[in-house]
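Tertiary structure, described
The residues making up each chain are set out below.
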Amino acid sequence: MALITSKEIFAKALTKDYAVGAFNVNNMEIIQGIVDAAKAENAPLILQVSAGARKYARPAYLLKLVEAAIEDSGLDIVLHLDHGEDFEICKKCVDDGFSSVMIDGSKHDFEENIALTKQVVEYAHSKGAVVEAELGKLAGVEDDIKVDVRSATFTDPEEAAEFVQRTGVDSLAIAIGTSHGAYKFKGEPYLDFERLKKIHELIPNTPLVLHGASTVLPEFVAKCNEYGGNIPGAQGVPEEMITTAAKYGICKVNIDTDLRLAMTAEVRKFLVEAPEEFDPRKYLAPARDAIQRMVQHKIKNVLNASGQR
Ligand SMILES: O=C(CO)COP(=O)(O)O
Ligand SMILES: O=C[C@H](O)COP(=O)(O)O
Ligand SMILES: [Zn+2]
Ligand SMILES: [Zn+2]
């Protein structure tokens, strides 16, 4: 039971066409639900922390919670910085003991992204950590502005090959049509699988990462809306598309929105059905259990990572 890098688990995933779940964590109940699911499924696991999570939960708390999760579960776990904006936050997290960091240089031009990524790779590798970079832009989601997939800048396969060769990065997040949040597609869901296949063909040994990979599970959207929520038209990536993507080099699948929906649906339901209750444990416990069920479902039926630990 230890903090490990993703090197070995990605190498195995690449050869066996399954993907490793990378789940965003923000508090104890979310961590417990995810880790219990990975233990039950005997699956490799990445817990990832965004800058927003570091601000919300504070770094020291999250680090200790993940250490406790490793000790309590006996599992090897990857602790990953999600969407690191600059060298400084990547360095801070590596120095804090993260085994993996993402430097998200996708907002910079190609050469600037390469220079920034190389700087992070050099430092992280010197400390035994691994690095994820990003090439291509996911469409952002702002308030009620529905994502127009065409507004995203998809990853160029030849550029991806040059980027990996020049930076030495360990894994690469690519843009093929996904976006963060609950409103991923205006019309029919669409991922550019031809582009993914081409990227995988050019860099077959590079683990690829899919951000914005939540399905925005309809059952949770319906439950949220049934108990006072208001998220009409929320739509994500169909689960079969995620399973297909794992056959073409996608080794890491980022999931945050489905965690949020699973937790929020349970809390909303409880608060409507038990207005007399005011013990947070009464609604955080079922929320944690809902997260565990949802993550186990993803591992078993979407990522095909059960038993791959
Ligand atoms: O990409 C993500 C985290 O980096 C999460 O994506 P979702 O919003 O689809 O869960
Ligand atoms: O990249 C997006 C993840 O879902 C993290 O989101 P956050 O910045 O709200 O924590
Ligand atoms: Zn990005
Ligand atoms: Zn992301």
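Computed from a predicted model, the values in this text were never measured in an experiment.

Rules behind the numbers
- Residues take numbers from 1 onward in each chain, read along the sequence in its written order.
- For this description, chains carry letters from A and ligands carry numbers from 1, given in the order in which they are written.
- Selection of residues for local features in this predicted model requires a pLDDT of at least 70, selection of side-chain atom pairs for listing and counting requires 80 or more, and totals for whole chains, interfaces and linings are taken over all residues.
- Only hydrogens and water are removed before side-chain values are computed, so all heavy atoms of the structure are retained for them.
- Nonpolar cores are built from buried Ala, Val, Leu, Ile, Met, Phe, Trp, Tyr and Cys residues. Side-chain atoms within 4.5 Å join them into one set.
- Residue exposure (1.4 Å probe, protein chains only): buried if accessible area is under 20% of the type maximum, exposed if over 50%, otherwise partly exposed.
- Any two residues whose heavy atoms approach within 4.5 Å at even a single point are treated as in contact.
- A donor here means an N, O or S atom no more than 2.8 Å from the metal, or no more than 3.2 Å when the metal is Na, K or Ca. Since water is not included, a site may seem to lack partners.
- Every helix listed is a DSSP run of H or I at least four residues long, and every strand listed is a run of E at least two residues long, numbered separately from the N terminus.
- We call a residue near a molecule or strand as soon as one heavy atom of that residue lies within 4 Å of the molecule or strand.
- Nitrogen and oxygen atoms within 3.5 Å of one another constitute a polar contact, given that in protein one can donate a hydrogen and the other can accept it, and given that sequence-neighbouring residues count only through two side-chain atoms.
- Residue burial considers only the protein chains on display, and all accessible areas are found by Shrake-Rupley using a 1.4 Å probe.
- A 1.4 Å probe that fits but cannot get out identifies a cavity on a 1 Å grid over protein atoms alone, an open set with protein on both sides within 12 Å along at least five of seven lines counts as a pocket, and a residue lines either if it has an atom within 4 Å of a point.
- The way we define it, a molecule is inside a pocket or cavity when more than half of its atoms are within 2 Å of that pocket's grid points.
- Each residue gets one of three labels, nonpolar for Ala, Val, Leu, Ile, Met, Phe, Trp, Tyr, Cys and Pro, charged for Asp, Glu, Lys and Arg, and polar for the others, Gly among them.
- The axes used here are C-alpha line fits, helices contributing only the stretch in contact, and every angle between their N-to-C directions lies in the interval 0 to 180 degrees.
- By the definition used in this description, the sense in which the near helix is turned from the far one sets the handedness, with an anticlockwise turn below a right angle giving left-handed and a clockwise turn giving right-handed.
- Grid points are joined across faces, edges and corners, and a volume is the space filled by probe spheres set on the points.
- Ring geometry is summarised as follows: Phe, Tyr and Trp rings, the Trp one being its six-membered ring, pair when their centres sit within 6.5 Å, and such pairs are stacked at plane angles under 30 degrees, edge-to-face over 60 and tilted between the two.
- UniProt positions are given in the numbering used here, feature names are shortened, and annotations may be inferred rather than shown by experiment.

Another aspect to go through is the nonpolar core. Core analysis: the biggest nonpolar cluster contains 103 residues, and I34, L47, V101, L172, L259 and V295 have the highest contact counts within it. With near-sequence residues (within four places) excluded, I34 lies in contact with F23, N24, V25, L45, L47, L259, I291 and V295.

Moving on, we come to the coordination of the zinc ion (ligand 3). Distances from the zinc ion (ligand 3) to its protein donors, namely D104 (OD) and E134 (OE), fall within the range 2.0 to 2.1 Å. Of the two residues, D104 sits in the loop between strand 4 (100-103) and helix 6 (110-126) while E134 sits in strand 5 (residues 130-135), which places them 30 residues apart along the sequence. Comparing D104 with E134, the two get one shared label, buried.

On to the site of ligand 1. Ligand 1 sits among 15 residues. The nearest are D82, K184, S214, D256 and T257. Between ligand 1 and T257 there is a distance of 2.7 Å, counted from an oxygen atom to a side-chain nitrogen or oxygen. Contact with the protein chains covers 96% of the free accessible surface of ligand 1, which is 300 Å². Because more than half of its atoms lie within 2 Å of the grid, ligand 1 is assigned to the largest pocket. A per-class count over the shell around ligand 1 returns two nonpolar, 10 polar and three charged.

Now for the packing of helix 7 (residues 157-167) against helix 8 (residues 193-202). Viewed as axis vectors pointing N to C, helix 7 and helix 8 meet at an angle of 35 degrees, and their least axial separation amounts to 9 Å. Between helix 7 and helix 8 lies a crossing whose hand is right-handed. Contact residues: P157, E158, A160 and A161 in helix 7; R195, K198, I199 and L202 in helix 8. Here the residues of the contact of helix 7 with helix 8 sort into five nonpolar, no polar and three charged.

So, on to the site of ligand 2. The local shell around ligand 2 consists of N24, S50, D82, H83, H180, D256 and R260. Note that an oxygen atom of ligand 2 is positioned 3.3 Å from one of the side-chain N or O atoms of H83. Measuring from an oxygen atom of ligand 2, one finds a side-chain N or O atom of D256 at 2.6 Å. Compared with its free state, where it exposes 300 Å², ligand 2 has 68% of that area covered by protein. Here ligand 2 occupies the largest pocket.

The next thing to look at is the layout of surface pockets. Its boundaries defined by the atoms lining it, the largest pocket holds a volume of some 850 Å³. Surrounding the largest pocket, 40 residues form its lining, H180, G181, D256, T257 and R260 being those nearest its centre. Of all the secondary-structure elements, those providing two or more residues to the lining of the largest pocket are helix 3 (51-57), strand 3 (78-84), strand 8 (250-255) and helix 11 (257-273). Sorting elements by how many residues they give to the lining of the largest pocket places helix 11 first, with five residues.

Tallying each qualifying case throughout the model produces three aromatic pairs. For the pair F87 and Y123, a centre-to-centre distance of 5.9 Å together with 80 degrees between the ring planes defines the contact as edge-to-face. Within this pair, whereas F87 is found in helix 5 (residues 87-96), its partner Y123 is found in helix 6, the two being separated by 36 residues in sequence. Across the pair, exposure class does not vary: F87 and Y123 are buried alike. Ring centres of F110 and F163 lie 6.3 Å apart, and the angle between their planes is 55 degrees; on these two criteria the pair is classed as tilted. With a gap of 53 residues between them, F110 in helix 6 and F163 in helix 7 connect regions that are remote in the sequence. Each member of the pair, F110 together with F163, is buried.

This part takes up the coordination of the zinc ion (ligand 4). Every protein donor of the zinc ion (ligand 4) is listed here as H83 (NE2), H180 (NE2) and H211 (ND1), and their distances to the metal cover 2.0 to 2.1 Å. Residue classification places H180 among the partly exposed residues on the basis of a relative accessible area of 34%.

The sites that UniProt annotates as "binding site: Zn(2+) 2" (unreviewed entry) are D104 and E134. These annotated residues cover 31 residues of sequence, and their C-alpha atoms all fall within 5.4 Å of one another, placing them together at a single site. Of the residues annotated just before, the largest pocket has D104 and E134 among its lining. Discounting residues that sit within four places of it in the chain, D104 has contacts with H83, G84 and E134. Within the structure, D104 has its side chain in polar contact with the side chain of H83 (distance 2.8 Å). Exposure remark for E134: the relative accessible area of 2% places this residue in the buried category. Ignoring any residue separated from it by four or fewer positions in sequence, one finds E134 in contact with H83, M102, I103, D104, G105, S106, N113, L172 and A173. A polar contact is formed between the side chain of E134 and the side chain of S106, at a distance of 3.5 Å.

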